[in-house]
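Read off the chains here:
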Amino acid sequence: MTEAPVVAAPEPERAPRRRRGGSRVLAIVLVATIAVGAYLWLTTVRWQRTATEWETKAHGYADEVASLRLQLDGANAELKAARDQLSTATSRITDLANEKAQLGDENVASQQYLDYQTQVSAAAATVASALGQCVSGQEQLVGYLKEADQYEPADLARYEREVNALCADAEDANEALQRELRQ
Amino acid sequence: MRWSARSRAVLAGLVLTGTLGGCGVLPPLPDPVPGDIVPSTPVDLSPAAGGDALSPDGFDAVERMAVRIRNVGCEELSTGSGFAIDEHTLITNKHVVADSKDLEVSTYDGHDITVGATSTAGLADLAVVRTTDPLPSHPELAQADPERGDPVTVVGYPAGGELTVTEGEVMGTTRDPLNANLGEVLLTDAPVEPGSSGSAALDDQGRVIGVVYAKTADDNSLLVPLSTLQDMLADDTAFTPAKGC
């Protein structure tokens, strides 16, 4: 048996396959690069647009903040003025309430004094009347004594006791009134 | 032939890794800008300074519940203080309403309050005055008697004058030097004057801790303690109708 000689694969056939493989890889890399580039371009455009919108919005809010700050300053100034006015008003109300209370006290005190004076006047009138009755009684007694022979001695003595009692009561009332007036 | 397949696998792996890795590195597309970014409810918005002092008419609650009492006696006139504990009930001292022909009550803003029945306690210098007109405001009672060192605020009409708020602190308890109250009374350094009798003594939360009834020789004030007030109010027989002059 004669062995057939081993024939190696022809070398020249490997080179074209490798080139083809390399080309495919390069094509894939190229496509991937283009895709990445397109994505980056799209991303950049979108971010630019978003940044512009945010900036516009930020300017809008900044303007609004400035306006609100101005309004807040004005409102705070008005609030401070209103609080000052409220404080003044409450102080005035407290003062007026106190003035009213003091006037009420004075009114009550005056009324009590007036009642007292009325009582004193009534007492003085009563004392004056009693003293007047005492004087009248004594005058009457003097008249009776001038004509004593025309009256019973017992009657004269009784009348004298009555007049003395009346005068004693009148003097007591007068002294009480004087003491009250001295207080 | 085997080497070539391995190379392609390596290359494919590299491309796949690069693609996936690149996707991770590449910036994402931006989210659309929202139309409104203002929150519907503000967070952590603190009230304006001084907002806690707001009231219906600019007066503090402690001022609104204080009343001035004018005791028109048969021969003399005296004034005292008091405070509301509900819409139609006032607390004051027994000696403020004693020997009275007429009681006249007015509020912080000068309004006159029509008075109904008056009753006084037998074992403490306390009195309850019912009103037919509603009272503007009334404080809460504290949970317990104050301790030594606790702050105290007294609201009343010293010397029958303006409504006045004075402050001090609780110095402790003592025996009643006037023997007007059963048990011990509170001693504070809050300034009071004749006319302050019946004033409410309040803690730092505006709750009643006692009733002013006297002043000591060294210018301290004596209070009927809250516990005595509560005991008296809880006892139906503690108060009897006041006798006029």
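Residues numbered from 1 in each chain as written. Chains lettered and ligands numbered in written order. Predicted model: local features only at pLDDT ≥ 70, side-chain atom pairs only at ≥ 80, totals over all residues. Heavy atoms only, no water.

Trainee: Got a minute to help me understand the overall build of chain A in this structure?
Mentor: Secondary structure summary: chain A contains two helices and zero strands in total. Expected size for 183 residues packed as a compact globule is a radius of gyration near 16 Å; at 65 Å, chain A overshoots this value by more than 25%. Principal-axis analysis of the C-alpha atoms places the extent of chain A at approximately 215 × 50 × 20 Å. A total of 183 residues make up chain A; the buried ones form 13% of that total. For chain A, the proportion of contacts with a sequence separation of at least 24, taken over those separated by at least 6, is 65%. (Helix = DSSP H or I, 4+ residues; strand = E, 2+ residues; numbered from the N terminus. Rg over C-alpha atoms; globule rule 2.2 N^0.38 Å. Buried < 20%, exposed > 50% of the residue type's maximum accessible area, 1.4 Å probe, protein only. Contact = heavy atoms within 4.5 Å.)

Trainee: I keep staring at the sheet that holds strand β6 (residues 115–121) of chain B and nothing clicks. Help me out?
Mentor: All names here are of chain B. Across the sheet, eight strands lie side by side as β5-β4-β1-β2-β3-β7-β6-β14; this open sheet has antiparallel pairing. Each end of this open sheet is capped by a strand with a single partner; those strands are β5 (112–113) and β14 (239–241). Both strand β2 (residues 77–86) and strand β3 (residues 89–92) contribute to a ladder of three bridges, which runs antiparallel. The partner of D86 across the bridge, within β3, is T89. (Pairing = 2+ DSSP bridges.)

Trainee: Would you mind showing me how to read the environment of N220 of chain B here?
Mentor: All names here are of chain B. Its place among the elements puts N220 in the loop between β12 (208–215) and β13 (221–225). You can call N220 buried: its relative accessible area is 10%. Separated by 13 residues in the primary sequence, N220 and R207 have C-alpha atoms spaced 21 Å apart. Beyond its immediate sequence surroundings of up to four residues, N220 is in contact with M171, L187, T188, D189, A214 and K215.

Trainee: Help me out: how do you make sense of the state of the cysteines in this one?
Mentor: Simply put, the disulfide is a covalent bond whose two ends are the sulfur atoms of two cysteines. Across all of its chains, the model carries two disulfides over all chains by this definition. Through a disulfide, C134 of chain A is tied to C167 of chain A; the S-S separation comes to 1.8 Å. Torsion about the S-S bond of the C134 of chain A and C167 of chain A cystine: about 105°, corresponding to right-handed handedness. Linking C134 of chain A in helix α1 (residues 14–146) with C167 of chain A in helix α2 (residues 153–182), this pair joins segments that are 33 residues apart in sequence. Note that C74 of chain B is cross-linked by a disulfide to C245 of chain B, the S-S spacing being 1.7 Å. An S-S torsion of about 75° defines the bridge between C74 of chain B and C245 of chain B as right-handed. With C74 of chain B in the loop between β1 (66–72) and β2 and C245 of chain B in the segment after β14, the pair connects residues that are 171 residues apart, well separated along the chain. Given a relative accessible area of 48%, C245 of chain B falls into the partly exposed group. (Disulfide = S-S within 2.5 Å.)

Trainee: Just checking my understanding: could you explain the packing of aromatic side chains for this structure?
Mentor: Each aromatic ring pair is specified by the distance between its two centres and by the angle formed by the two planes. Residue and element names in this part refer to chain A. Taken as a whole and judged by the stated rule, the model has four aromatic pairs over all chains. Taking the centre distance of 5.1 Å and the plane angle of 70° together, the rings of Y144 and Y159 count as edge-to-face. Separated by 15 residues along the polypeptide, Y144 in helix α1 and Y159 in helix α2 bring together distant segments of the chain. What makes Y144 partly exposed here is its relative accessible area of 22%. For Y159, a relative accessible area of 21% puts it in the partly exposed group. Three or more aromatic residues joined by ring pairs form one cluster here, namely Y144, Y151 and Y159. (Phe/Tyr/Trp six-rings, centres within 6.5 Å; stacked < 30°, edge-to-face > 60°.)

Trainee: What am I meant to see in the sheet that holds strand β9 (residues 164–175) of chain B here?
Mentor: To summarise the sheet geometry, strands pair through backbone hydrogen bonds and adopt either a parallel or an antiparallel arrangement. Residues and elements named next belong to chain B. Spatial ordering of the closed barrel is given by β8-β9-β10-β13-β12-β11, a layout of six strands whose pairing is antiparallel. Strand-to-strand twist of the sheet, defined as the mean angle between neighbouring strand axes without regard to direction, takes the value 45°. As judged from the five bridges shared by β9 and strand β10 (residues 184–188), these two strands associate in the antiparallel manner. By the bridge assignment for β10, G172 is matched with L187. Strands in contact with helix α4 (residues 226–234) are β12 and β13; relative to β13, the strand with the most contacts, it is inclined by about 40°. (Axes fitted to C-alpha atoms, helices over the stretch in contact; angles between N-to-C directions.)

Trainee: I tried to follow the nonpolar core on my own but got confused; where do I start?
Mentor: Generally speaking, soluble globular proteins have nonpolar side chains that are buried together. Residues and elements named next belong to chain B. In terms of nonpolar packing, the biggest core is built from 28 residues, with F83, I91, L126, V211, M232 and F239 touching the most fellow members. Secondary-structure elements contributing two or more residues to this core are β2, β10, β11 (200–202), β12, β13 and α4. By residue number, the principal contributor to this core is β12, which donates four residues. (Core = buried A, V, L, I, M, F, W, Y, C linked by side-chain atoms within 4.5 Å.)

Trainee: I keep staring at the interface of chain B and chain A and nothing clicks. Help me out?
Mentor: Quoted interface sizes are often the accessible area lost when the parts come together. Opposite the 40 residues of chain B that make contact, chain A presents 32 residues. For the pair chain B and chain A, the two sides together bury roughly 2900 Å², of which 64% comes from carbon and sulfur. When the area that chain B buries against chain A is broken down by residue, the three leading residues are L29, P30 and V33 of chain B, summing to 20%. Note that R68 of chain B is salt-bridged to D105 of chain A, the shortest N-O span being 2.5 Å. For the pair chain B and chain A, the interface holds 15 residue pairs in polar contact (both at pLDDT 80 or more). Broken down by secondary-structure element, the contributors of at least two residues to the side of chain B that touches chain A are α1 (2–25), β1 and β2 of chain B. Tallied by class, the residues present in the side of chain B that touches chain A amount to 18 nonpolar, 10 polar and 12 charged. (Buried area = accessible area lost by both parts, 1.4 Å probe. Salt bridge = Lys/Arg side-chain N within 4 Å of Asp/Glu carboxyl O. Polar contact = N/O pair within 3.5 Å; in protein donor to acceptor, adjacent residues only side chain to side chain. Nonpolar A, V, L, I, M, F, W, Y, C, P; charged D, E, K, R; others polar.)

Trainee: Mind showing me how you'd approach the confidence of the model for chain B here?
Mentor: Detail in the predicted coordinates should be disregarded across regions flagged by low pLDDT. Averaged over every residue, the pLDDT of chain B is 89; residues scoring 70 or more account for 86%. Taken together, the chains of this predicted complex give a pTM of 0.74 and an interface ipTM of 0.80. (pLDDT = per-residue confidence, 0-100.)

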